[in-house]
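Okay, here's what each chain looks like letter by letter:
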Amino acid sequence: MGQDLRNWNVEEESYWNSTGKKIATRNLWISIPSLLCGFAVWLYWGIITVQMINLGFAFEKSQLFTLGAIAGLTGATLRIPSTFFIRIAGGRNTIVFTTALLMIPAIGAGYALQDPNTPLWKFQILAFLSGIGGGNFSSSMSNISFFYPKKVQGYALGMNAGLGNFGVTTMQILIPLVMTFGLFGGESRTLVNTSGTLIGKIPAGTETYIHNAGFVWLIALVPLAIIGWIGMNNIRDEHVSPDIPNPVGAFGVITGMLVVGFITAAFGLWLMLPATEGGLPVSGMGVSKWIVLPVVIALTVILLKLIPGAVGENLSRQYKIFGNKHTWAMTVIYTMTFGSFIGYAAAFALAIKVVFGFQHLMVDGVLTHNTANPNGPSALMFAWMGPFIGALIRPVGGMIADKLGGARVTQWISVVMVASALGVAYFLKQAYVSATPEDYFLPFMVLFLILFAMTGIGNGSTFRTIAVVFDKEQAGPVLGWTAAVAAYGAFIIPKVFGEQIKAATPEYALYGFAIFYTVCIAINWWFYLRPGAYVKNP
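This is a predicted model, so every value here is computed, not measured. (Residues numbered from 1 in each chain as written. Predicted model: local features only at pLDDT ≥ 70, side-chain atom pairs only at ≥ 80, totals over all residues. Heavy atoms only, no water.)

Visitor: Even after reading the chapter, I still don't get the overall build of the protein chain, so can you show me in this structure?
Guide: When helices and strands are counted, the protein chain shows 22 helices and 8 strands. Over its C-alpha atoms the protein chain spans a radius of gyration of 22 Å, differing by no more than 12% from the 24 Å that the globule rule assigns to 538 residues. Overall, the C-alpha framework of the protein chain stretches about 75 × 55 × 45 Å when taken along its three principal axes. By sequence separation, contacts in the protein chain at least 24 residues apart represent 82% of the contacts at least 6 residues apart. For the protein chain, the accessible area works out to roughly 19,400 Å², and carbon and sulfur atoms hold 67% of it. (Helix = DSSP H or I, 4+ residues; strand = E, 2+ residues; numbered from the N terminus. Rg over C-alpha atoms; globule rule 2.2 N^0.38 Å. Contact = heavy atoms within 4.5 Å. Areas by Shrake-Rupley, 256 points an atom, 1.4 Å probe, with all protein chains shown as cover.)

Visitor: How should a nonpolar patch on the surface be read in this particular structure?
Guide: Taken together, the side chains of Phe267, Trp270, Leu273, Met285, Ile291 and Val295 make up a nonpolar region of the molecular surface, amounting to roughly 530 Å² of accessible area. For the nonpolar patch, the secondary structure elements donating two or more residues are helix H11 (247–272) and helix H12 (289–305). Locating Ile291 in the fold gives a position in helix H12. (Patch = residues over 30% accessible without salt bridge, like charges linked within 9 Å, V, L, I, M, F, W, Y side chains within 5 Å. Salt bridge = Lys/Arg side-chain N within 4 Å of Asp/Glu carboxyl O.)

Visitor: Can you walk me through the packing of aromatic side chains in this structure?
Guide: The way to describe two aromatic rings as a pair is by their centre distance and the angle between their planes. For the structure on display, the rule yields 48 aromatic pairs. A ring pair is formed by Tyr334 and Phe338, whose centres lie 5.6 Å apart and whose planes are at 5 degrees; its orientation type is stacked. Taken together, the residues span about one helical turn, with Tyr334 and Phe338 both in helix H14 (residues 325–356) at a distance of 4 residues. The exposure classification of Tyr334 matches that of Phe338, with both residues buried. In this structure, Arg92 is placed above the aromatic ring of Trp229, and the distance from its NZ or CZ to the ring centre is 3.7 Å. One residue, Arg530, lies across the ring of Tyr534, its end atom 5.3 Å from the ring centre. (Phe/Tyr/Trp six-rings, centres within 6.5 Å; stacked < 30°, edge-to-face > 60°. Buried < 20%, exposed > 50% of the residue type's maximum accessible area, 1.4 Å probe, protein only. Lys NZ or Arg CZ within 6 Å of the ring centre and 35° of its normal.)

Visitor: Could you clarify how one ought to interpret the pattern of salt bridges in this entry?
Guide: One side chain can pair with another of opposite charge once the charged atoms of both are near each other. According to the stated counting rule, one finds 3 salt bridges in the structure shown. A salt bridge links Glu499 to Lys289; the nearest nitrogen and oxygen atoms lie 2.8 Å apart. On the criterion of sequence distance, the pair formed by Glu499 in helix H21 (residues 489–502) and Lys289 in helix H12 is long-range, its members being 210 residues apart. One salt bridge in this structure joins Asp402 and Arg464, with 3.7 Å as the shortest N-O distance. Residue Asp402 is located in helix H17 (residues 394–404), and its partner Arg464 is located in helix H19 (residues 441–469); the two are separated by 62 residues in the primary sequence. Residue classification places Asp402 among the partly exposed residues on the basis of a relative accessible area of 47%. A relative accessible area of 25% places Arg464 in the partly exposed class.

Visitor: How do you make sense of the nonpolar core when you look at a structure like this?
Guide: In a soluble, globular protein the nonpolar side chains are often hidden away together inside. Trp45, Met52, Trp217, Tyr344, Phe444, Phe497 and Leu510 are the most contacted members of the largest nonpolar core, which has 180 residues in total. Here the element with the most residues in this core is H14; it accounts for 19 residues. Here Phe444 is in contact with Phe348, Ile352, Phe356, Val424, Phe427 and Leu428, once residues within four sequence places are set aside. (Core = buried A, V, L, I, M, F, W, Y, C linked by side-chain atoms within 4.5 Å.)

Visitor: It is not clear to me how the packing of helix H2 (residues 45–54) against H14 should be interpreted in this structure. Could you clarify?
Guide: The relative placement of two packed helices comes down to the angle between their axes together with the axis-to-axis distance. Their axes nearest at 7 Å, the elements H2 and H14 cross at an angle of 20 degrees. Between H2 and H14, the angle is such that the two are roughly parallel. Crossing angle aside, the handedness with which H2 passes H14 is right-handed. Residues Gly46, Ile47, Thr49, Val50, Ile53 and Asn54 of H2 touch H14, and the partners they reach there are Ala346, Ala349, Leu350 and Lys353. Here the contact of H2 with H14 is built from residues that sort into 6 nonpolar, 3 polar and 1 charged. (Axes fitted to C-alpha atoms, helices over the stretch in contact; angles between N-to-C directions. Parallel < 35°, antiparallel > 145°, perpendicular 65-115°, else oblique. Left-handed = near helix turned anticlockwise from the far one by under 90°. Nonpolar A, V, L, I, M, F, W, Y, C, P; charged D, E, K, R; others polar.)

Visitor: Can you help me understand the pairing of strand S7 (residues 358–363) in this one?
Guide: Taken residue by residue, a regular strand's side chains alternate between the two faces of the sheet. For S7 and strand S8 (residues 366–372), the ladder comprises 5 bridges, and the chain directions are antiparallel. Considered in S8, the bridge of Met362 is made with Leu367. In this antiparallel pair of consecutive strands, S7 and S8, the connection spans 2 residues, and Asp364 shows a positive phi of 55 degrees. (Pairing = 2+ DSSP bridges.)

Visitor: Is there a simple way to explain the side chain of Ser420 in this structure?
Guide: As for its position among the elements, Ser420 is in helix H18 (residues 406–431). Non-local contacts of Ser420, meaning those with residues more than four positions away in its chain, are made with Leu447, Ile450 and Leu451.

Visitor: Explain the environment of Thr331 here, please?
Guide: Topologically, Thr331 is positioned in helix H14. When its relative accessible area of 5% is taken as the criterion, Thr331 is described as buried. Measuring from C-alpha to C-alpha, the distance between Thr331 and Ala484 comes to 8.9 Å, with 153 residues separating the pair along the chain. When sequence neighbours within four positions are dropped, the list of residues in contact with Thr331 reads Trp481, Thr482 and Val485.

Visitor: So what exactly am I meant to see when it comes to the side chain of Ser130 here?
Guide: Inspection of the secondary structure puts Ser130 in helix H7 (residues 120–147). On the basis of relative accessibility, which here comes to 0%, the residue Ser130 falls in the buried class. In terms of polar contacts, Ser130 uses its side chain to reach the backbone carbonyl oxygen of Leu126, at 2.9 Å. Setting aside residues up to four positions removed in sequence, Ser130 forms contacts with Val41, Trp42, Tyr44, Trp45, Ala71 and Pro105. (Polar contact = N/O pair within 3.5 Å; in protein donor to acceptor, adjacent residues only side chain to side chain.)

As structure tokens, then:
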């Protein structure tokens, strides 16, 4: 265990059965919990911000949406360099180091949440660093793709991604639970509003330990870094990672490439900041997010290529995926499925709290949204359900696609996503102008769970398409690249929800998403389903 592998030929049946399967299985089952923790640390702001409202932190609701959006932007941007880590630094080196890095935002969040006077900018920096967890998906998926033969790629990638995605559900269940007792000591704070856990509501006045939301992940991250170092492997073959430096050198390369991603993400955030806010200078440019995101993506790709020496040369070979038209088609389609899943997961809890946790009352001719709703559902009781269903059903989507074809399954779920998004938009609109928004919660919840289920099935079907369309060398980088771009959903969806909540028109967010899904239906049909398609129903 732990040694570098050479002459790794899992496509040869006898080698796979005698040697490869055992090694691949061990790497997969270390990779899964590491990826799970990455998802948890990346997206835990969606739960933490709900509890910050319940504890009376002095921030506007729209400001709290920015924490999830910032983590989303950074995590998506870091997936771009992470896409190419495996060939340059090796799988074992990459997974161990990036898992260990998650301890930084986890510890920081624990300390910052202990002080109710912690300024917003400190939380924004911690959300920025939490993006490390988002970046880990691309390197993890690329790494596992090299350990398994093509005949079981769907299973391996589905298990890694599907169970890794359970980091969202695990976080949404675990964090409310550990905040109920002094697991790590420290001072408690008193709930101002009713909170909740999976098993029931917690009344206002109850003591809670919100800082446990950060510290609890150290229980898993410390042993995972050690286990990964002992049990995982680098593959030193030409088609995977032929020129891996020593571990210290590999960690240095990974750090340098992550820094590039951090710089471009920070630049993008600065471009989007308003020049002034509330009459105060912010020194940003106020550029539209729809312009900034392509700039950030292109700038990250270009700056990585400018890294001198072996890294730049290695990237030149991997960048050949950008000359393949299917890379771009699958990037858009995968953004519809995984981008929606991760974006809704990041925004779901806070959206429930803001829309259904407050009464929307007309006061002196003005609709207000600041009166707590005593009959409102607890966001922490329900938010885990959507990501749970989306992750659980992901391997099922892959199996269905294996039998019926990936593009056909993707087309079906896309139509359902359009209908579900429009339905959610209708009930959001009704709830956000009602003094009793809880009346609309059940249909809202049912439709949103259908939406989550469709994203999960679509994640599986798009993986099937990628595995069929691309050869072995390109499939790994394409998986990483499409996952990188799709992960911007974790930025876009909370950002759009926050903007539309502030404008009192949350339904507009879902209208926009439904339009995008319609565009994806057309792209999927043109590339893979029409008569004379480039590849028929892959």
